[in-house]
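Below are the chains, spelled out letter by letter.
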Amino acid sequence: MSMLRDFPRERFLVYGAGREGEEGNLAFRPFSLNGFLADLASSRAVISTAGFTLMTEALHLRKPILALPMGGQFEQELNAHLLDDLNYGKNGRTADSESIGDFLYRLPEYQSALESYPAEDNSSILAKLDELLVDDCALARDFHEKRRTTAKPSDPE
């Protein structure tokens, strides 16, 4: 976190540090779902681990991301790689001042790429759920019955 101080013209909102208050260009915030979402929506960009949930929220809001994958987490490594490949942000495998500076410098490039991001709402999944629930879940019952009748009983040893 100390490397963020290397960018005094930038203001960073820090969640998850277990403290509150201001320290130079860093503003430490307590957990607050509504506060976090408001800060995310009004931010220029996001620096975080490369977990799925925050990345997809940031992408939906068209916020560039500096993704810092947690070591040994294949999903996060893959997320950060794909983010970088799509030019929606940077894979920050090495979280250092040089990586952060490069990310900040390239924000306009990432924002331009994000203009074409296909953000969608939940209407597709809601329509599919409606389809599956028609006739008191008849489609699900049919599927379950077919699965049960085609399953082979296990041989006792």
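Heads up: these notes are all about the structure in this document. In this text the structure is predicted, and so the values were computed from the model without any measurement. (Residues numbered from 1 in each chain as written. Predicted model: local features only at pLDDT ≥ 70, side-chain atom pairs only at ≥ 80, totals over all residues. Heavy atoms only, no water.)

## A short note on the sheet that holds strand β6 (residues 89–91)
Selection rule: Pairing between two strands requires that DSSP report at least two bridges joining them. Note on conventions: DSSP H or I runs of at least 4 residues are helices, E runs of at least 2 residues are strands, and numbering of each starts at the N terminus. Between N-to-C directions, angles cover 0 to 180 degrees, with each direction set by a line fitted to C-alpha atoms, over the stretch in contact for helices.
Read from one edge of the open sheet, three strands run β4-β5-β6, paired in parallel fashion. Each edge of the sheet is formed by a strand with only one pairing partner; in this case those strands are β4 (46–49) and β6. Averaged over all pairs of adjacent strands, the angle between strand axes in this sheet comes to 20°, irrespective of strand direction. With four bridges connecting them, β4 and strand β5 (residues 65–68) associate as parallel partners. Bridge pairing in β5 places Ile-47 opposite Leu-66.

## Concerning the packing of helix α2 (residues 52–60) against helix α3 (residues 74–85)
Counted only if it meets this: Small angles under 35 degrees read as roughly parallel and large ones over 145 as roughly antiparallel, with 65 to 115 read as roughly perpendicular and the rest as oblique. Each crossing gets its hand from how the near helix is turned against the far one by less than a right angle, where anticlockwise is left-handed and clockwise is right-handed. The criterion used for residue contact is that any of the two residues' heavy atoms lie within 4.5 Å. Note on residue classes: Ala, Val, Leu, Ile, Met, Phe, Trp, Tyr, Cys and Pro are nonpolar, Asp, Glu, Lys and Arg are charged, and everything else, Gly too, is polar.
At their nearest, the axes of α2 and α3 sit 11 Å apart, and the two run at 20° to each other. On the basis of the axis angle, α2 is roughly parallel to α3. The hand of the α2/α3 crossing is left-handed. Packed against α2, whose contacting residues are Phe-52, Met-55 and Leu-59, the element α3 presents Glu-75, Asn-79 and Leu-83 at the interface. Within the contact of α2 with α3, the residues separate by chemical class into four nonpolar, one polar and one charged.

## A closer look at the nonpolar core
Which entries qualify depends on this criterion: The term nonpolar core refers to a set of buried residues drawn from Ala, Val, Leu, Ile, Met, Phe, Trp, Tyr and Cys, joined through side-chain atoms within 4.5 Å. Here's how the labels work: a residue is buried when its accessible area is under 20% of the maximum for its type, exposed when over 50%, partly exposed in between, all with a 1.4 Å probe on protein chains only.
With 14 residues, the main nonpolar core has Leu-59, Ile-65, Ala-67, Leu-83 and Tyr-88 as its most contacted residues. Mapped by element, the contributors of at least two residues to this core are α2, β5, α3 and α5 (107–114). It is α2 that contributes the most residues to this core, three residues altogether. If we skip the residues at most four places from it in the chain, Tyr-88 touches Leu-59, Pro-64, Ile-65, Leu-83, Tyr-110, Ala-113, Leu-114, Tyr-117 and Pro-118. Core analysis: the second largest hydrophobic core is formed by 12 residues, Phe-12, Val-14, Phe-103 and Leu-104 among them.

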